[in-house]
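Close look at the chain arrangement
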Amino acid sequence: MTRRPYVTVSCAMSLDGYLDDARPERLTMSNRDDLERVDELRAGQDAILVGASTIRRDDARLLVKSPARRDRRIAAGLPPSPAKVTVTSSGELSPDAAFFAQGDSAKLVYCPCDRADELRKRLGDRATVVGLGDGRVPMGELATELAERRGVRRLMVEGGGSVLTQFLADDLVDELQLVVAPFFVGQAGAPRMVEPSSFPWTAARRAPLLETRRIGDVVLLRYALSERCR
């Protein structure tokens, strides 16, 4: 039987389904209390995954911020923050990005096989580059590689929309933690939570709702997307 990590998708969106607006500056969807919740969720993971576009757009660091949570991980024999994972089709990643330059945990980059050698030269010792697939990295193979070769048991996927779409459409997600912000974005060029695709959860197969929680002015919705979650 193929192994893969327990996958939690965690993201925040506007009332009209956007992850961000079209401006260069990142739009904060959440609030302080919810960011604390996300930091706690991160601290319980083995790895955190974002797409390369999120690294380029947000200069994402993907670190556990709380000193107490970092100390707790260290006491358990773990690095202060989970391993960082990204996926790129183009190979356009700067070795100076915060994803690579900050934090002592492992950094993994998955790319199509024909991009791997070039990307290894560009990143040097900043990350481990793994070639998978032809033209586009298959997320199912990525998840299996993380579990069987990297020992990842719990994987948190934070975005962006293309990565979220692939994980959800391929039925690789065990749990969805979705925060809804109390405003609209309404910009055609802004990134949406998911792109057009065929998803396993439809009007005829509804996702079980595990929890609704008010966190200040946002709402957390937790859905079970696999039997492992239930």
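Residues numbered from 1 in each chain as written. Predicted model: local features only at pLDDT ≥ 70, side-chain atom pairs only at ≥ 80, totals over all residues. Heavy atoms only, no water.

Under an unreviewed UniProt entry, the protein has the name Deaminase and belongs to Gryllotalpicola protaetiae. One UniProt comment on the protein, placed under Pathway (unreviewed entry), says "Cofactor biosynthesis; riboflavin biosynthesis." (UniProt positions renumbered as here; feature names shortened; annotations may be inferred.)

Digging into the overall build of the protein
Across its full length, the protein carries 7 helices and 9 strands. For the protein, the C-alpha radius of gyration of 17 Å lies close to 17 Å, the compact-globule estimate for 230 residues. Counting only C-alpha atoms, the protein reaches 45 × 45 × 40 Å along its principal axes. Per-residue burial over the protein gives 50% buried out of 230 residues. (Helix = DSSP H or I, 4+ residues; strand = E, 2+ residues; numbered from the N terminus. Rg over C-alpha atoms; globule rule 2.2 N^0.38 Å. Buried < 20%, exposed > 50% of the residue type's maximum accessible area, 1.4 Å probe, protein only.)

Structural notes on the sheet that holds strand S4 (residues 107-111)
Taken in spatial order, the 9 strands of this open sheet run S5-S4-S3-S2-S6-S1-S7-S9-S8, and their pairing is mixed. In the strand order of this sheet, the two ends are held by strand S5 (128-131) and strand S8 (209-215), each with one partner. Strand-to-strand, the axes of this sheet are offset by a mean angle of 20 degrees, without reference to chain direction. Examined bridge by bridge, strand S2 (residues 47-51) and strand S3 (residues 83-87) share 5 bridges and lie parallel to one another. If you follow Ala 47 over to S3, its bridge partner there is Ala 83. With respect to the sheet, helix H6 (residues 139-150) is in contact with S2, S3, S4, S5 and strand S6 (154-159), its orientation differing from that of S4 by roughly 145 degrees. (Pairing = 2+ DSSP bridges. Axes fitted to C-alpha atoms, helices over the stretch in contact; angles between N-to-C directions. Contact = heavy atoms within 4.5 Å.)

Side note on the UniProt feature "domain: Bacterial bifunctional deaminase-reductase C-terminal" (unreviewed entry) in the protein
The UniProt feature table records "domain: Bacterial bifunctional deaminase-reductase C-terminal" (unreviewed entry) at residues 5-219. Structurally, residues 5-219 is divided into 28% helix and 22% strand, and its ends, taken at the C-alpha atoms, are 27 Å apart.

Quick notes on the packing of aromatic side chains
Per the stated rule, a full pass over the model turns up 1 aromatic pair. Where Phe 99 meets Phe 100, the ring centres are 4.9 Å apart and the plane angle is 80 degrees; that geometry is what we call edge-to-face. Each member of the pair Phe 99 and Phe 100 is classed as buried. (Phe/Tyr/Trp six-rings, centres within 6.5 Å; stacked < 30°, edge-to-face > 60°.)

Some remarks on the nonpolar core
Core analysis: the largest hydrophobic core is formed by 34 residues, its most contacted members being Leu 49, Tyr 110, Leu 142, Leu 155, Val 157, Phe 167 and Met 193. At the level of secondary structure, the elements contributing two or more residues to this core comprise strand S1 (6-13), S2, S3, S4, H6, S6, helix H7 (161-169) and strand S7 (175-180). Contacts of Tyr 110, omitting those with residues within four sequence positions, involve Val 85, Thr 86, Val 87, Thr 88, Val 130, Leu 132, Val 137, Leu 142, Glu 145, Leu 146 and Arg 150. Residues Ala 60, Leu 62, Leu 119 and Val 129 belong to the second largest nonpolar core, which totals 20 residues. (Core = buried A, V, L, I, M, F, W, Y, C linked by side-chain atoms within 4.5 Å.)

Examining the layout of surface pockets
Approximately 280 Å³ is the volume attributed to the second largest pocket. Lining the second largest pocket we find Leu 168, Leu 176, Leu 178, Met 193, Val 194, Phe 199, Pro 200, Trp 201, Ala 207, Tyr 223 and Leu 225. Its residues assigned to classes, the lining of the second largest pocket comprises 11 nonpolar, no polar and no charged. (1 Å grid on protein atoms, 1.4 Å probe; cavity = no way out; pocket = protein on both sides within 12 Å on 5 of 7 lines; lining within 4 Å. Points joined across faces, edges and corners; volume = space filled by probe spheres on them. Nonpolar A, V, L, I, M, F, W, Y, C, P; charged D, E, K, R; others polar.)

Things to note about the state of the cysteines
Working definition: the covalent bond between the sulfur atoms of two cysteines is a disulfide. Per the stated rule, a full pass over the model turns up 0 disulfides. Free cysteine Cys 11: the closest other cysteine sulfur is in Cys 229, separated by 15 Å. Exposure remark for Cys 11: the relative accessible area of 7% places this residue in the buried category. No disulfide involves Cys 113; its sulfur sits 7.6 Å from that of Cys 111, the nearest cysteine. (Disulfide = S-S within 2.5 Å.)

Description of helix H1 (residues 32-43)
For H1, spanning 12 residues, the distance from its first C-alpha to its last is 17 Å, which sits close to the expected 16 Å at 1.5 Å a residue. By the burial criterion, the buried members of H1 are Asp 34, Arg 37, Val 38, Asp 39, Leu 41, Arg 42 and Ala 43. (Expected span 1.5 Å × (residues − 1).)

With respect to the pattern of salt bridges
The final tally for this structure, using the stated rule, is 18 salt bridges. Here Glu 175 makes a salt bridge to Arg 222, at a shortest N to O gap of 2.9 Å. One end of the pair, Glu 175, is in strand S7; the other, Arg 222, is in strand S9 (residues 218-224), with 47 residues separating them in the sequence. For the pair Glu 175 and Arg 222, one class covers both residues: buried. The closest approach of N and O atoms between Glu 211 and Arg 213, which form a salt bridge, is 2.7 Å. Because the salt bridges share partners, they merge into one network encompassing Glu 36, Asp 39, Glu 40, Arg 69 and Arg 72. (Salt bridge = Lys/Arg side-chain N within 4 Å of Asp/Glu carboxyl O.)

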